[in-house]
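Here are the chains, one letter per residue:
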Amino acid sequence: MSILRDGLPAGLLLLWVLAALSAPWLPLVPDRIDLTAILAPPGAGAPLGNDDLGRPVLDRLLAGARTSLLVGVGVVAISVLIGVAVGGVAGLAGGWVDLALVRLIDVFLAFPGILLAIALAGILGPGIDNLIIALAAVGWVGYARLVRAQILSLKRRDHVTAALALGAGPARILLRHLLPLTLAPLLVEATFGIAAAVIAEAGLSFLGLGVQPPQASWGSMIRDGAAYLLVAPHLVLAPGLAVLLVVLSVNLLGDRLRDRLDVRAGP
Amino acid sequence: MRRALSSRQSTSGLTAVAARVGSAALVVLGVCTLVFLLIHLVPGDPVEAMLGEGARPADREALRAALGLDRPLWEQYLGYLGRTARLDLGTSFAYQRPVAPLLGERIPATLELAVAALTLSLVIAVPLGVLAARYRGGALDAGAMGFSLLGAAVPNFWLGPVLILVFSLWLGWTPVSGREGAASLILPAVTLGTGLAAVLARMVRSSVLEVLAEDYIRTARAKGLGELSVLWGHALRNAWLPVLTLIGLQLGALLAGAVITETVFAWPGVGSLLIEAIQARDYPVVQACVLLISLSYVLVNALTDLVYGWADPRVRG
């Protein structure tokens, strides 16, 4: 059971990260067009078959792993930085600064799901950098809310009062005395954030708002493959299973982290 | 949770309602502002992006004047707010028609899909969650939680094509896409509803588990009520409130998911209109779609809050 629960997700994640990091050094040919192998089913030459331009699906899958890891980690890193800054300032400053920032957070939360990211990515134009900007512009809000709530509950503690009495400035209070105590919930939230960013990247690429062709993304592979669903289902099945397994593994890991770090289950 | 931010003290009912409406109004204004600013994020010149590089200068100036882009920002902003309040959402470039009726034609399809998906997810999640809680630790519980994990992880832009492959192409039971007849609603509703069902089942389970530990459940059992009555009558009734809140919040994911699901199934709703408009650089339509979807989300959440206060005497205070 524990092998199934922990070993399998951990192994899958390791595979994902390894594939993404080593993609440039592997002998991959994700963009090689081979007109003799158009829509070829999985076989000896290409274990996962070839797509509508004869490109090997396995190579594109591995190149797509790089895209999804880059976007997942990039989006979460930027979101956490912005969220910690906004939430930290709001929680520590209080007063009208807090009120204004909470209103700002409320407005961003009023946009359902990745709708704002869809609109932003659509307006900024395709490309991996715009994709990361669009997703981070939506993603920071959750971390800001989390950090603010944590700091509100922590800032009356004795050790903070002591630090204040010793003359520590707000920046020092925030970075040295408050943030270290919010790391556990932040880490759990960030883990689930990576899963959300991987789905969002694939979703936006599926809508044609993500990476530019010929760069590979699991989402755009599903989009391109959908036209050949009946003749070549492997074009859709392979990248979809990749997204599903990565997201499932990250979520399982997040659950375990939450239990381990004893973070109170969120809504 | 979101609710923790909105000030909801235990004031008298009317004041609480007024405060909720007031904060919703502020959020609505903020949403309008952000949607207004969207068009100013277009890299370079939006007029050039819409007309292409070969456009004549006269055409450019005409479009610039029509969009009001030649006026100062605050004047554009006030004009935008005024027109939006009168439901004047501008004119679509692609369709050469006012946006409001164009949007109006698409609303019924999205509403139908959202209601079908929500109903389906409730029909799946409530029995599954209640039974999983009742038989905690058993095979049914494990199965329900497995479904919950999978359902939350499966992306709807993949589930949709896979369902089409199995039920439309192989079995031939349902239409591949479009909106003709009740059969065409099934696959989109399943695609959109699965994620929500997964999240809800988990919530129903933990909520019922919590309630089952209460004293009045023991009382109900002690006075000889049947298991069915205890479970569905007593436990579920009180487990509803957190589930209701979650439905309100998850509606956001549902509405955003509708954009992708409608695209997969060529479902003629607001979501597919948004994607068409993005591809055609039809910015007034993009703005209008985002505004409509977001405002309906704000509205539903404000209503959920009010219903919550009305349904739970403890919150009414």
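Predicted, not measured: the structure shown is a model, and the values here were computed from it.

Cut-offs used in this document
- Residues numbered from 1 in each chain as written.
- Chains lettered and ligands numbered in written order.
- Predicted model: local features only at pLDDT ≥ 70, side-chain atom pairs only at ≥ 80, totals over all residues.
- Helix = DSSP H or I, 4+ residues; strand = E, 2+ residues; numbered from the N terminus.
- Buried ≥ 20, exposed ≤ 12 C-beta atoms within 10 Å, placed from the backbone.
- Contact = placed C-beta atoms within 7 Å.
- Nonpolar A, V, L, I, M, F, W, Y, C, P; charged D, E, K, R; others polar.
- Core = buried A, V, L, I, M, F, W, Y, C linked by C-beta atoms within 7 Å.
- Expected span 1.5 Å × (residues − 1).
- Axes fitted to C-alpha atoms, helices over the stretch in contact; angles between N-to-C directions.
- Parallel < 35°, antiparallel > 145°, perpendicular 65-115°, else oblique.
- Left-handed = near helix turned anticlockwise from the far one by under 90°.
- pLDDT = per-residue confidence, 0-100.

## A few points about the overall build of chain A
Then comes step 1: A tally of regular secondary structure across chain A gives nine helices and zero strands.
Then comes step 2: Mapped in sequence order, the helices and strands of chain A form the string α-α-α-α-α-α-α-α-α.
Then comes step 3: Referenced to the eigenvectors of the C-alpha coordinate spread, the extents of chain A come out at roughly 75 × 45 × 35 Å.
Then comes step 4: Every one of the 267 residues in chain A was classed for burial, and the buried ones make up 48%.
Then comes step 5: Considering only contacts in chain A between residues 6 or more positions apart, those separated by 24 or more positions represent 67%.

## Some details on the overall build of chain B
Then comes step 1: Each helix and strand in chain B was counted, giving 14 helices and zero strands.
Then comes step 2: Starting at the N terminus, the α and β elements of chain B follow one another as α-α-α-α-α-α-α-α-α-α-α-α-α-α.
Then comes step 3: Expressed along its principal axes, the backbone C-alpha trace of chain B runs to roughly 85 × 60 × 30 Å.
Then comes step 4: Within chain B, buried positions represent 39% of all 317 residues.

## Structural notes on the interface of chain B and chain A
Then comes step 1: Counting from both sides, the interface comprises 44 residues of chain B and, opposite them, 41 residues of chain A.
Then comes step 2: For the side of chain B that touches chain A, the secondary-structure elements that each account for two or more residues are α1 (2-5), α2 (13-38), α7 (139-153), α8 (156-170), α11 (227-264), α12 (270-279) and α13 (283-311) of chain B.
Then comes step 3: For the side of chain B that touches chain A, the element with the most residues is α11(B), which contributes nine residues.
Then comes step 4: Within the side of chain B that touches chain A, the residues separate by chemical class into 37 nonpolar, six polar and one charged.

## Things to note about the nonpolar core
Then comes step 1: Core analysis: the biggest nonpolar cluster contains 166 residues, and Leu115(A), Ala117(A) and Cys289(B) have the highest contact counts within it.
Then comes step 2: Setting aside chain neighbours within four positions, we find Cys289(B) in contact with Leu103(B), Val270(B), Leu273(B), Leu274(B) and Ala277(B).

## With respect to α2(B)
Then comes step 1: In a regular helix each residue adds 1.5 Å, so 26 residues correspond to 38 Å; α2(B) covers 37 Å between its end C-alpha atoms and thus fits that length.
Then comes step 2: Taken as a whole, α2(B) has its buried residues at Ala16(B), Ala24(B), Val27(B), Val31(B), Cys32(B), Val35(B) and Leu38(B).
Then comes step 3: Buried residues along α2(B) sit in contact with α3 (95-109) and α4 (115-124) of chain A together with α5 (73-85) and α13 of chain B.

## A look at the packing of helix α8 (residues 218-225) of chain A against helix α9 (residues 234-261) of chain A
Residues and elements named next belong to chain A.
Then comes step 1: Contact geometry for α8 and α9: axes closest at 8 Å, N-to-C directions at 155 degrees. The orientation of α8 with respect to α9, classified from their angle, is roughly antiparallel. In terms of crossing hand, the pair formed by α8 and α9 is left-handed. Only Leu-235, Val-236, Pro-239, Gly-240, Ala-242 and Val-243 of α9 make contact with α8, whose side of the interface consists of Trp-218, Met-221, Ile-222 and Gly-225.
Then comes step 2: Split by residue class, the contact of α8 with α9 holds eight nonpolar, two polar and no charged.

## Digging into α9(A)
Then comes step 1: A rise of 1.5 Å per residue sets the reference length of α9(A), with its 28 residues, at 40 Å; its end C-alpha atoms lie 40 Å apart and thus fit the reference within 8%.
Then comes step 2: Backbone geometry just after α9(A) places Asp262(A) at a positive phi near 55 degrees.

## A few points about the packing of helix α7 (residues 170-206) of chain A against α8(A)
All names here are of chain A.
Then comes step 1: Look at α7 against α8: their axes get within 6 Å of each other, and the N-to-C directions meet at 35 degrees. Our pair here, α7 against α8, has a crossing hand that is right-handed. Across from Glu-201, Ala-202, Gly-203, Leu-204, Ser-205 and Phe-206 in α7, the residues of α8 making contact are Trp-218, Gly-219, Ser-220, Ile-222 and Arg-223.

## Things to note about the environment of Leu53(A)
Then comes step 1: Inspection of the secondary structure puts Leu53(A) in the loop between α1 (2-22) and α2 (57-93).
Then comes step 2: Along the primary structure Leu53(A) and Ala40(A) are separated by 13 residues, whereas in three dimensions their C-alpha atoms are 9.9 Å apart.

## Notes on the confidence of the model for chain B
Residue and element names in this part refer to chain B.
Then comes step 1: Summary statistics for chain B give a mean pLDDT of 85 and a share of 94% for residues scoring 70 or more.
Then comes step 2: Low pLDDT, under 50, characterises residues 1-10; the predicted model gives this stretch 14 contacts beyond four residues in sequence or across chains.
Then comes step 3: The ipTM for the predicted assembly is 0.87, set against a pTM of 0.88.

## Focus on the environment of Val208(B)
Residue and element names in this part refer to chain B.
Then comes step 1: Tracing the sequence through the fold places Val-208 in helix α9 (residues 183-212).
Then comes step 2: Taking the number of C-beta atoms within 10 Å as the measure of exposure, Val-208 has 24 and is therefore buried.
Then comes step 3: In the structure, Val-208 is positioned 65 residues away from Gly-143 in sequence and 17 Å away in space, judged by C-alpha atoms.
Then comes step 4: Discounting chain neighbours no more than four positions away, the residues touching Val-208 are Gly-129, Val-130, Ala-133, Ala-235, Leu-236 and Ala-239.

## Quick word on unusual backbone geometry
Then comes step 1: Cis rather than trans, the peptide bond between Pro213(A) and Pro214(A) has omega equal to 5 degrees.
Then comes step 2: Residues other than glycine seldom take positive phi values, yet Ala266(B) does so here, at roughly 50 degrees.
Then comes step 3: For Ala266(B), the location among the structural elements is in the loop between α11 and α12.
Then comes step 4: Residue Arg281(B) is not a glycine yet carries a positive backbone phi of 55 degrees.
Then comes step 5: On the secondary structure map, Arg281(B) appears in the loop between α12 and α13.

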